[in-house]
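Listed below are the residues making up each chain.
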Amino acid sequence: MKLVNIGFGNMVCIDRVIAIVVPESAPIKRIVQESKDRGLCIDATYGRKTRTVLITDTDHVILSALKPEALRRRLDTIDTGTDPAAASDDADTEDDFGTEN
């Protein structure tokens, strides 16, 4: 089981994720709303803007404030077996969340 940090110390089992998408398109917005209505939406944004939507094989939808590029870097770190500290919140810059210093 491989876990990836999706921001603010929240971890997701990457083996269960089938899609990582941006939330701007109407179909993704509809998927997010339907998951909220069914109680299958996990909001891990801590009130920040949703920048990434993770869809799991169990139909859960996970919202993250982390930019898709930052999440991809973390996944690459896991896949290549490099230093996991590089994928932790300690290595985050404010830019990973799309905010200014």
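Everything discussed here concerns the structure shown above.
The model shown is predicted, which means the values in this text are computed figures rather than measured ones.

Caption draft 1: Structural view of the packing of aromatic side chains. Scanning the entire structure with this criterion turns up one aromatic pair. Geometrically, the ring pair formed by F8 and Y46 is tilted, given 4.9 Å between the ring centres and 35° between the ring planes. Of this pair, F8 sits in the loop between β1 (3–5) and β2 (11–13) while Y46 sits in the loop between β4 (41–44) and β5 (52–56), placing them 38 residues apart in sequence. Judged by relative accessible area, F8 falls into the partly exposed class, the value being 27%.

Caption draft 2: How the structure looks around a nonpolar patch on the surface. A cluster of nonpolar side chains, M1, L3 and M11, forms an exposed patch at the surface whose accessible area comes to about 360 Å². Judged by relative accessible area, which is 40%, L3 ranks as partly exposed.

How each quantity is defined
Residues numbered from 1 in each chain as written. Predicted model: local features only at pLDDT ≥ 70, side-chain atom pairs only at ≥ 80, totals over all residues. Heavy atoms only, no water. Phe/Tyr/Trp six-rings, centres within 6.5 Å; stacked < 30°, edge-to-face > 60°. Helix = DSSP H or I, 4+ residues; strand = E, 2+ residues; numbered from the N terminus. Buried < 20%, exposed > 50% of the residue type's maximum accessible area, 1.4 Å probe, protein only. Patch = residues over 30% accessible without salt bridge, like charges linked within 9 Å, V, L, I, M, F, W, Y side chains within 5 Å. Areas by Shrake-Rupley, 256 points an atom, 1.4 Å probe, with all protein chains shown as cover. Salt bridge = Lys/Arg side-chain N within 4 Å of Asp/Glu carboxyl O.

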